[in-house]
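The primary structure of each chain is shown beneath.
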Amino acid sequence: MKKAIIFGCGKIARGFVGQLLYLSDFAITFVDVYQPIIDKVNTDKKYHVHVLGDASLDSVITGISALNFNESQEVFDAFKEADIAFVSVGGKNLINVANCLSSIFELYGIPKIKKNIIVCENWADAANTLKDPLYKNLSVENKDLFNKYIGITEGVLMRTATQPDEKLAQKYPLDVWVQNYWYLPIDRSRLITDIPEIQSIEALDHFGNFLIQKMYTNNTSNAVIAYTGYLLGYEILAEAANSPEISKILDKTYKEINQTLVAELGVDPKDQEEFSKRARKKYCDWTIVDKITRHAKDPLRKLGPKDRLIAPSRMALKHGIYPETLITTIAEALFFDEPTDESAMELKKIRREKGIEYVLKNVCKLDADEVLYQEVLKAVERISNEGLVKNHV
Ligand SMILES: NC(=O)C1=CN([C@@H]2O[C@H](COP(=O)(O)OP(=O)(O)OC[C@H]3O[C@@H](n4cnc5c(N)ncnc54)[C@H](O)[C@@H]3O)[C@@H](O)[C@H]2O)C=CC1
Ligand SMILES: O=P(O)(O)OC[C@H]1O[C@](O)(CO)[C@@H](O)[C@@H]1O
């Protein structure tokens, strides 16, 4: 049996990468930092992936075990034995994975067997975000070995792995409810050796800016639906996406996005239009019952300069396109104050104590004299006058 190691044991690790590996006959070792999930994997030794809308495609995943990242010798052994490695921990945690891995390599060396690590995150420049700090911390000798034996590449995640309601999550903590979508393209150019055959994973020769195109189409429009939907009082993403108010906004959003990405990335206009239609269809899909609060979660990350709102808005303005709905969404995201979301509570605290302009400068990293900064301030005033944020100030 082939072996894989997955850093992260969350919804995408278990519910997407894990299912593809299981169906391709791999034994899987998950490595996480959250002990309860590790214990649960090791006790139950199986979990169920529920494919929304078609239960005949469900899998009961077996052949699994889990480690804590602090079990360094065991993590090293599992990495050494693995035919392939994946990472899916949330982009902002990649630095932590990089530090853990470089410490492990410094302790036990770099296995002299060519191996690829596939980074699976919604994060601009995901592969380098892991690779650069990992590499920097290695000794000269290990840097040489790393260059010879380790490839770090990235994939584009287009399957949604939903957040189940509390009762289900408590009863079946390892199970995952996922979109009926399977394709996982990765960038071939950064592989150090061929990858083993895995169902639905394809190494693309012309990967280029695919991750950026996906993030600034799917995740950008997802943010429009989520932050607007939250302020309008919707709970489920598909309800918001299909609502008359948000449908109208989305007509404009996809135009803004498509024009921007055609200008910035040089992608084919027809392809980009089709790509954006698929994104819209996905978020309007009633079979994917998923909470707005999950999609809007972590606004401090999502308002960052390289993330789904600020970066494409800047690109649009640079090309003379006015991203009206993206600007409004930035303003709305500033008021996402879901009490169960730590990042939202932190944002609210900063906003209340230091003001909107402070957030724009320090979270979004906007300059006070740039157009986007001024336009977001106008949008904040507009949505405040419209009464949209009256319960969220
Ligand atoms: N859930 C979804 O529908 C989709 C998620 N994504 C992206 O996939 C990534 C993972 O998302 P989810 O699986 O939904 O998140 P999740 O929150 O369900 O799982 C993340 C897991 O990583 C673990 N973790 C955090 N720091 C770690 C570290 N230093 N070392 C090892 N494990 C660590 C956490 O304990 C958790 O188990 C994110 O970048 C997300 O943006 C992309 C497309 C769809
Ligand atoms: O936490 P993030 O970055 O929004 O990642 C999860 C999102 O990615 C998506 O798959 C978008 O492609 C959404 O369905 C999901 O909300």
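The rules behind each value
- Residues numbered from 1 in each chain as written.
- Chains lettered and ligands numbered in written order.
- Predicted model: local features only at pLDDT ≥ 70, side-chain atom pairs only at ≥ 80, totals over all residues.
- Heavy atoms only, no water.
- Helix = DSSP H or I, 4+ residues; strand = E, 2+ residues; numbered from the N terminus.
- Rg over C-alpha atoms; globule rule 2.2 N^0.38 Å.
- Areas by Shrake-Rupley, 256 points an atom, 1.4 Å probe, with all protein chains shown as cover.
- Lys, Arg positive; Asp, Glu negative; His and termini not counted.
- Charge placed at Lys NZ, Arg CZ, Asp CG, Glu CD.
- UniProt positions renumbered as here; feature names shortened; annotations may be inferred.
- Near = heavy atom within 4 Å.
- Polar contact = N/O pair within 3.5 Å; in protein donor to acceptor, adjacent residues only side chain to side chain.
- Nonpolar A, V, L, I, M, F, W, Y, C, P; charged D, E, K, R; others polar.
- Buried < 20%, exposed > 50% of the residue type's maximum accessible area, 1.4 Å probe, protein only.
- pLDDT = per-residue confidence, 0-100.
- Core = buried A, V, L, I, M, F, W, Y, C linked by side-chain atoms within 4.5 Å.
- Domains from an automatic or database assignment.
- Contact = heavy atoms within 4.5 Å.
- Pairing = 2+ DSSP bridges.
- Right-handed = clockwise from strand over helix to strand, strands pointing away.
- Salt bridge = Lys/Arg side-chain N within 4 Å of Asp/Glu carboxyl O.
- Axes fitted to C-alpha atoms, helices over the stretch in contact; angles between N-to-C directions.
- Disulfide = S-S within 2.5 Å.
- Phe/Tyr/Trp six-rings, centres within 6.5 Å; stacked < 30°, edge-to-face > 60°.
- Lys NZ or Arg CZ within 6 Å of the ring centre and 35° of its normal.

## Section: the overall build of the protein chain
Thought 1: On a plain count of helices and strands, the protein chain comes out with 18 helices and eleven strands.
Thought 2: Against the globule reference of 21 Å for 393 residues, the protein chain gives a C-alpha radius of gyration of 21 Å, in line with a compact fold.
Thought 3: As displayed, the protein chain offers around 17200 Å² of accessible surface, 50% of which is attributable to carbon and sulfur atoms.
Thought 4: Computed over 50 positive and 55 negative side-chain charges, the separation of the two mean positions in the protein chain equals 1 Å.

## Regarding the UniProt feature "domain: Mannitol dehydrogenase C-terminal" (unreviewed entry) in the protein chain
Thought 1: In the numbering used here, UniProt assigns the feature "domain: Mannitol dehydrogenase C-terminal" (unreviewed entry) to residues 209-383.
Thought 2: For the annotated span residues 209-383, helix accounts for 73% and strand for 0% of the residues, and the straight-line distance between the end C-alpha atoms is 34 Å.

## Things to note about the site of ligand 1
Thought 1: For ligand 1, the set of nearby residues contains 25 residues, the closest of which are Lys 11, Ile 12, Asp 32, Glu 121 and Ala 161.
Thought 2: Separating an oxygen atom of ligand 1 from a side-chain N or O atom of Asp 32 is a distance of 2.6 Å.
Thought 3: Here Glu 121 contributes a side-chain N or O atom positioned 2.5 Å from an oxygen atom of ligand 1.
Thought 4: Looking at the shell around ligand 1, the elements with two or more residues in it are α1 (11-23), β2 (26-32) and α4 (94-108).
Thought 5: Among the residues forming the shell around ligand 1, the class breakdown is eleven nonpolar, nine polar and five charged.

## Side note on unusual backbone geometry
Thought 1: The backbone phi angle of Asp 125 is positive, close to 55°, even though this residue is not glycine.
Thought 2: Along the chain, the position of Asp 125 falls in the loop between β7 (115-119) and α5 (126-136).
Thought 3: Of note in this structure, Asp 298 is not a glycine but carries a positive phi near 60°.
Thought 4: Along the chain, the position of Asp 298 falls in the loop between α12 (292-296) and α13 (299-302).
Thought 5: Overall, Asp 298 belongs to the buried group, its relative accessible area being 9%.

## Section: the confidence of the model for the protein chain
Thought 1: Here the protein chain averages 97 in pLDDT, and 100% of its residues register 70 or above.
Thought 2: With a pTM of 0.92, the predicted complex shows an ipTM of 0.96.

## Structural notes on the nonpolar core
Thought 1: Core analysis: the largest hydrophobic core is formed by 94 residues, its most contacted members being Phe 7, Ile 117, Leu 130, Ile 150, Ile 152, Leu 303 and Leu 334.
Thought 2: Top contributing element to this core by residue count: helix α8 (residues 210-232), with twelve residues.
Thought 3: Both domains that meet at this core, namely domain 1 (2-205) and domain 2 (209-385), each give it at least three residues.
Thought 4: In contact with Ile 152, other than residues within four places in its own chain, are Ile 117, Val 119, Ala 127, Leu 130, Lys 131, Leu 134, Phe 146 and Arg 190.
Thought 5: If you look at the next biggest cluster of nonpolar residues, it comprises 38 residues, including Ala 4, Ile 64, Phe 86 and Leu 174.

## Considerations on the pairing of β2
Thought 1: When you tally the buried positions in β2, you get six out of seven residues, the bulk of the element.
Thought 2: Here strand β1 (residues 2-7) pairs with β2 via six bridges, running parallel. Directly across from Ala 4, in β2, lies its bridge partner Ile 28.
Thought 3: Crossover handedness for the path β1 to α1 to β2: right-handed.
Thought 4: Note that β2 and strand β5 (residues 64-68) share five bridges and pair parallel. What sits directly across from Ile 28, in β5, is Ile 64.

## Brief notes about the pattern of salt bridges
Thought 1: For the structure on display, the rule yields 17 salt bridges.
Thought 2: Between Asp 298 and Lys 92 there is a salt bridge, with its nearest N and O atoms 2.8 Å apart. Residue Asp 298 is located in the loop between α12 and α13, and its partner Lys 92 is located in the loop between β6 (84-87) and α4; the two are separated by 206 residues in the primary sequence.
Thought 3: Glu 154 is the partner of Arg 190 in a salt bridge, and the nearest nitrogen-oxygen pair spans 3.4 Å. A residue pair is termed long-range when its members are at least 10 positions apart, and Arg 190 in the loop between β10 (184-187) and β11 (201-204) and Glu 154 in strand β8 (residues 150-154) qualify at 36 residues.

## Topic: the sheet that holds strand β4 (residues 59-61)
Thought 1: On the basis of which strands lie adjacent, the open sheet formed by three strands has the order β4-β3-β9 and mixed pairing. Each having just a single partner strand, β4 and β9 (176-178) make up the two edges of the open sheet. Shown here is a sheet whose adjacent strand axes are inclined to one another by a mean of 25°, direction ignored.

## Overview of the state of the cysteines
Thought 1: One pass over the full model with this rule turns up zero disulfides.
Thought 2: Counting only cysteine sulfurs, Cys 9 is the nearest neighbor of Cys 100, a cysteine outside any disulfide, at a range of 16 Å.
Thought 3: By relative accessible area, which is 21% here, Cys 100 ends up partly exposed.

## Considering the packing of aromatic side chains
Thought 1: For the coordinates displayed, the defined rule picks out ten aromatic pairs.
Thought 2: Ring centres 5.9 Å apart and planes at 70° place the aromatic pair Phe 207 and Phe 210 in the edge-to-face group.
Thought 3: Residue classification places Phe 207 among the buried residues on the basis of a relative accessible area of 3%.
Thought 4: Given the relative accessible area of 15%, Phe 210 is considered buried.
Thought 5: Seen in terms of ring centroids, Phe 210 and Phe 275 are 5.9 Å apart; in terms of plane orientation they differ by 55°. Their pairing is tilted. Taken together, the residues Phe 210 in helix α8 and Phe 275 in helix α11 (residues 269-284) connect sequence positions 65 residues apart. Like Phe 275, Phe 210 is buried.
Thought 6: Every member of this aromatic cluster is reached through a ring pair, and the members are Phe 7, Phe 69, Phe 79 and Phe 105.
Thought 7: It is Lys 143 that lies over the ring of Tyr 135; its NZ or CZ is 5.5 Å from the centre.
Thought 8: The positively charged end of Arg 159 is found above the aromatic ring belonging to Trp 182, 4.3 Å away from the centroid.

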